[in-house]
Amino acid sequence: QQQVKQSPQSLIVQKGGISIINCAYENTAFDYFPWYQQFPGKGPALLIAIRPDVSEKKEGRFTISFNKSAKQFSLHIMDSQPGDSATYFCAVPASGTYKYIFGTGTRLKVLA
Amino acid sequence: DVKVTQSSRYLVKRTGEKVFLECVQDMDHENMFWYRQDPGLGLRLIYFSYDVKMKEKGDIPEGYSVSREKKERFSLILESASTNQTSMYLCASTVHPGAGGTGETQYFGPGTRLLVL
């Protein structure tokens, strides 16, 4: 069974700091790597995604960096804010199917 | 505004009961998914459906079944609830990926927190 390894499991960052979450995968059906953000009591929602014809994608304070040879991608949150406190999931398209394999999640807490 | 709704936010059931979780999407999406979310285990796929009356097992289908009679509705059924099925259940939907795979956003419902006593 394909696995996606996400780290760290939890992260505490001071306000204004940089939060970094990593994801490593074994195989992918195609090159599309999303990050989802989940607030307590809510379902996950797409935060940012990359189709790696580029190695990096930036949207505001959020950046995805992608290393195809290493089969890794990461989420960087610049100038982290208390409102970013949430659980973050990476996802990888599973080979040969419509489904995605999700990472185990990273619980981020940004201290005010 | 896209929307995925789930029939209940919280459910409490007894061991052995038959449990129905309903999910409805208003986006005319072909694909629908049921996940369970447990601390430290992330989102695990139970079943998914890529068309009406079509279904495929996910990674943890044991103890569950599904039904998709209409495109907008996908039901998860716990035939005989057990305490190890206490969890958060999330429904999601997405369009078919494009030719060669283009990657499509999964839209999630708010979740149903199920407690089996």
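All chains use their own residue numbering, which begins from 1 and follows the written sequence. The order in which chains are written sets their letters, starting at A; the order in which ligands are written sets their numbers, starting at 1. Local features are withheld for residues below a pLDDT of 70 in this predicted model, meaning they are given only at 70 or higher, and side-chain atom pairs are given and counted only at 80 or more; totals for whole chains, interfaces and linings count all residues. To obtain the side-chain values, all non-hydrogen atoms of the structure were included, while hydrogens and water were left out.

**Focus on the interface of chain A and chain B**
Our working definition: Contacts were defined at the residue level, with two residues in contact if any of their heavy atoms lie within 4.5 Å. As a working definition, buried area equals the accessible area (1.4 Å probe) given up by two parts on being put together, with both sides summed. Whenever Lys or Arg places a side-chain nitrogen within 4 Å of a carboxyl oxygen from Asp or Glu, that contact is recorded as a salt bridge. Pairs of N or O atoms are called polar contacts if they sit within 3.5 Å, as long as, within protein, a hydrogen donor faces a hydrogen acceptor (for residues adjacent in sequence, only side-chain-to-side-chain pairs). Helix and strand definitions follow DSSP, with helices as H or I runs of at least four residues and strands as E runs of at least two, each counted in order from the N terminus. Three categories are distinguished: nonpolar for Ala, Val, Leu, Ile, Met, Phe, Trp, Tyr, Cys and Pro, charged for Asp, Glu, Lys and Arg, and polar for the others, with Gly belonging to the last.
Each partner contributes residues to the interface: chain A has 20 residues there, and chain B has 27 residues. Here chain A and chain B share an interface that buries about 2,000 Å² over both sides, 58% of which is from carbon and sulfur atoms. Counting the surface chain A buries against chain B, the share from its top three residues, Tyr98, Lys99 and Phe102 of chain A, is 31%. Between chain A and chain B we count one salt bridge in total. For Asp59 of chain B, the salt bridge goes to Lys99 of chain A, with nearest N and O atoms at 3.3 Å. Our count for the chain A to chain B interface comes out at four residue pairs in polar contact (both at pLDDT 80 or more). Every element with two or more residues in the side of chain A that touches chain B is listed here: β4 (33-38) and β10 (100-102) of chain A. The dominant element in the side of chain A that touches chain B, judged by the number of residues it contributes, is β10 of chain A, at three residues. Here the side of chain A that touches chain B is built from residues that sort into 10 nonpolar, seven polar and three charged.

**Side note on unusual backbone geometry**
With an omega dihedral of -5°, the bond running from Ser7 of chain A to Pro8 of chain A counts as a cis peptide bond. Along the polypeptide, Pro8 of chain A turns up in the loop between β1 (4-7) and β2 (10-14). The phi dihedral of Lys71 of chain A is positive, around 55°, even though this residue is not glycine. Positionally, Lys71 of chain A belongs in the loop between β7 (62-67) and β8 (72-77). With a phi close to 60°, Asp28 of chain B is a non-glycine residue in the positive phi region. Summarising the element assignment, Asp28 of chain B is placed in the loop between β3 (19-25) and β4 (31-38).

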